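# Observations on chain architecture
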Amino acid sequence: MASKFRQDAAAALAEVVQDGMTIAVGGFGLSGIPTRLITALRDSGAKNLTIVSNNMGVDGKGLGLLIENQQVAKVMASYVGENKLFAQQFLSGELEVEFVPQGTLAERLRAGGAGIPAFYTPTGVGTPVAEGKPVMEFDGKPAILERGIVADIALVRAHKADAEGNLRYRMTARNFNPLAAMAGRYTFAEAEHIEQDYLDPQLVDTPGIFVQCLVEADQTKDIEQRTVRVRQEA
């Protein structure tokens, strides 16, 4: 088996990342985020990055680390409401933001990975999302043109992987990870469990052809919002 495994995530990422790159990152909130790779990206010191992700994490965690380190020039995301520092930088004009409807973001990443340059969707018609975009009618309904997203680098997290880079995700941690993996010209994956043998082909979510580098994941998993019930009196 050919191996894409690297021990040092920071060194592997430093060989590829450059200022001004577009980087797609898997995860949803703090679920399924590539924690170790995000930390390696922060430590690389790369600046003026465009980050494509469903959201930007929270203050001090996830992609919030890059916001704190002032490495991000532009964000393409669906939701950013959990990060106060993000809001401050956006309102002060330090950060350019392109809001993308969640389903449209998913399809733009998938399209980019599949080699589809653009597609039409009715989502966003008549809203600020449609400003400056071509509009066509299909069966009497307007639709706007959206471009596929191809990122210079993608960072994703998987539950299981083999040394060839085949990936398997776990439950809701799958979220945007397969789409980000497809969209990256050079994809880094971190996995919680790296198998000695090939994964069962029927259980592979992301084929290894989409993955160029594999590292072991940080086993820490933060909880974004902890909610508990009030203990009932006995």
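Look up a bit, the structure's there.
Residues numbered from 1 in each chain as written. Predicted model: local features only at pLDDT ≥ 70, side-chain atom pairs only at ≥ 80, totals over all residues. Heavy atoms only, no water.

### Section: the sheet that holds strand 7 (residues 141–147)
Inclusion rule: Being paired, for any two strands, means DSSP has found at least two bridges between them. Helix and strand definitions here come from DSSP, where helices need a minimum of 4 consecutive H or I residues and strands a minimum of 2 consecutive E residues; each element is numbered from the N-terminal end. Orientation is described by lines fitted to C-alpha atoms, with helices fitted over the stretch in contact, and by angles between N-to-C directions that extend from 0 to 180 degrees. Note on contacts: a residue pair is in contact if any heavy atoms of the two residues lie within 4.5 Å.
What the 3 strands build is an open sheet, ordered 5-7-6; its pairing is antiparallel. Looking along the sheet, the strands with just one partner apiece sit at the ends: strand 5 (118–121) and strand 6 (135–138). The average angle at which neighbouring strand axes cross in this sheet is 40°, direction not considered. Both strand 5 and strand 7 contribute to a ladder of 4 bridges, which runs antiparallel. Considered in strand 7, the bridge of F119 is made with E146. Packing against the sheet, helix 5 (residues 102–114) makes contact with strand 5 and strand 7, and its axis sits at approximately 155° to strand 5.

### What to know about the environment of R226
Structurally, R226 is set in the segment after strand 11 (213–216). Taking the C-alpha atoms as reference, R226 lies 45 Å from M136; in sequence the two are 90 residues apart.

### Concerning empty space enclosed by the protein
For clarity, the threshold we go by: Cavities and pockets are defined on a 1 Å grid built over the protein atoms alone: a cavity is a set of grid points where a 1.4 Å probe fits but cannot escape, while a pocket is an open set with protein on both sides within 12 Å along at least five of seven lines, and lining residues are those with an atom within 4 Å of any such point. Grid points are joined across faces, edges and corners, and a volume is the space filled by probe spheres set on the points. By the convention adopted, Pro, Cys, Tyr, Trp, Phe, Met, Ile, Leu, Val and Ala count as nonpolar, Lys, Arg, Asp and Glu as charged, and the other residues, Gly among them, as polar.
According to the stated counting rule, one finds 1 cavity of 30 Å³ or more in the structure shown. Put simply, the largest cavity is a space of about 30 Å³. Taken together, the residues of the lining of the largest cavity break down into 3 nonpolar, 6 polar and no charged.

### Observations regarding the layout of surface pockets
Looking at the largest pocket, its volume works out to about 440 Å³. Looking at the largest pocket, it is lined by 25 residues, and the ones nearest its centre are L30, S31, G32, A173 and D222. In terms of residue count, strand 8 (residues 151–162) provides more of the lining of the largest pocket than any other element does, 3 residues in total. Classifying every residue of the lining of the largest pocket gives 9 nonpolar, 8 polar and 8 charged.

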